[in-house]
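As a plain string of letters, each chain reads:
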Amino acid sequence: MSVYDYKVKAQDGSEVSLSDYKGKVLLIVNTATGCGFTPQYDELQDLYELHQKDGLEILDFPCNQFADQAPGSDEEIHDFCTGRYGITFPQFSKIDVLGENAHPLFRYLSENTKFEGFGKGPMTLILKGVVKKMDKDYKNNGNVKWNFTKFLINRDGEIAGRFEPTADLKDVQAKVEEVL
């Protein structure tokens, strides 16, 4: 099984098979427009502009499951992201990444990666406290913990890395470049 076995809904409502991305390196991200991590859109767009020509695709999946930080319709979210951050990478319809309504793609990604901590930094302590209230066993499962969790997929559709929202985007870029 690989990410190529999944279909997702585009921002415009059409169905997209991830097999359309065969041979590309993918960075799959669950996002939100009203989160402390939302400014990561700038760095993600920079990464996309730098490496799209090399075969990188960033796949953006808005999610409103974490403190209702992605309110609005798909169109409103898209307008915000393109207007404020100038994103040009593909943005998909809002989805759930946790629980019984979690999209099968994110179930697959969560079940096949491990949470390895939030690292260090000013947001780590805050995030640990918030996440622990939502999931007392958060350290021992691969569930998505918060907005802007990133999954790196190699050209064969295999998971090549997972980055929590607190990960330095320079580390994400370095791993993307290694996989490219």
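Before reading on, note that the structure itself is shown above.
Notes on the structure in this doc start here. All values reported here derive from a predicted model rather than from experimental measurement.

1. A word on the environment of methionine 1
Then step 1. Within the element layout of this structure, methionine 1 appears in the segment before β1 (7–9).
Then step 2. Taking the relative accessible area as the measure of exposure, methionine 1 reaches 72% and is therefore exposed.
Then step 3. In sequence terms methionine 1 and glycine 157 are 156 residues apart; their C-alpha atoms lie 8.8 Å from each other.
Then step 4. Not counting chain neighbours up to four residues away, the residues in contact with methionine 1 comprise Tyr6 and Tyr108.

2. Let's talk about the pattern of salt bridges
Then step 1. In this structure the tally under the stated criterion is four salt bridges.
Then step 2. Among the salt bridges present, the one from glutamate 15 reaches lysine 7, with a minimum N-O distance of 3.9 Å.
Then step 3. Lysine 175 is the partner of glutamate 178 in a salt bridge, and the nearest nitrogen-oxygen pair spans 3.2 Å. Of the two residues, glutamate 178 and lysine 175 are both situated in helix α5 (residues 169–179); the distance of three residues between them amounts to about one turn of the helix.
Then step 4. Taking relative accessible area as the criterion, glutamate 178 reaches 59% and is therefore assigned exposed.

3. Here we look at unusual backbone geometry
In terms of backbone geometry, most residues other than glycine have negative phi values and most peptide bonds are trans.
Then step 1. Even without a glycine there, the phi angle at alanine 67 is positive, about 60°.
Then step 2. Relative accessible area serves as the criterion here: at 51%, alanine 67 is assigned to the exposed category.

4. With respect to the sheet that holds strand β3 (residues 25–31)
Then step 1. Spatially, β4-β3-β5-β6 is the arrangement adopted by the four strands of the open sheet, whose pairing is mixed. Two strands in the sheet have a free side with no partner beyond their single neighbour: β4 (56–62) and β6 (159–163). Averaged over all pairs of adjacent strands, the angle between their axes in this sheet comes to 15°, without regard to strand direction.
Then step 2. By the bridge criterion, four bridges tie β3 to strand β5 (residues 150–153) in an arrangement that is antiparallel. Each bridged residue has a counterpart across the sheet, and for leucine 27 the counterpart in β5 is leucine 152.
Then step 3. This element, helix α3 (residues 104–111), spans β3, β4, β5 and β6 of the sheet and lies at about 105° to β3.

5. Some thoughts on the pairing of β6
Then step 1. Across four bridges, the pairing between β5 and β6 is antiparallel. Opposite leucine 152, over in β6, you have glycine 161 as the bridge partner.
Then step 2. Between β5 and β6, which pair antiparallel one after the other, the connecting turn spans five residues, and glycine 157 there sits at a positive phi close to 85°.

Calculation rules
- Residues numbered from 1 in each chain as written.
- Predicted model: local features only at pLDDT ≥ 70, side-chain atom pairs only at ≥ 80, totals over all residues.
- Heavy atoms only, no water.
- Helix = DSSP H or I, 4+ residues; strand = E, 2+ residues; numbered from the N terminus.
- Buried < 20%, exposed > 50% of the residue type's maximum accessible area, 1.4 Å probe, protein only.
- Contact = heavy atoms within 4.5 Å.
- Salt bridge = Lys/Arg side-chain N within 4 Å of Asp/Glu carboxyl O.
- Pairing = 2+ DSSP bridges.
- Axes fitted to C-alpha atoms, helices over the stretch in contact; angles between N-to-C directions.

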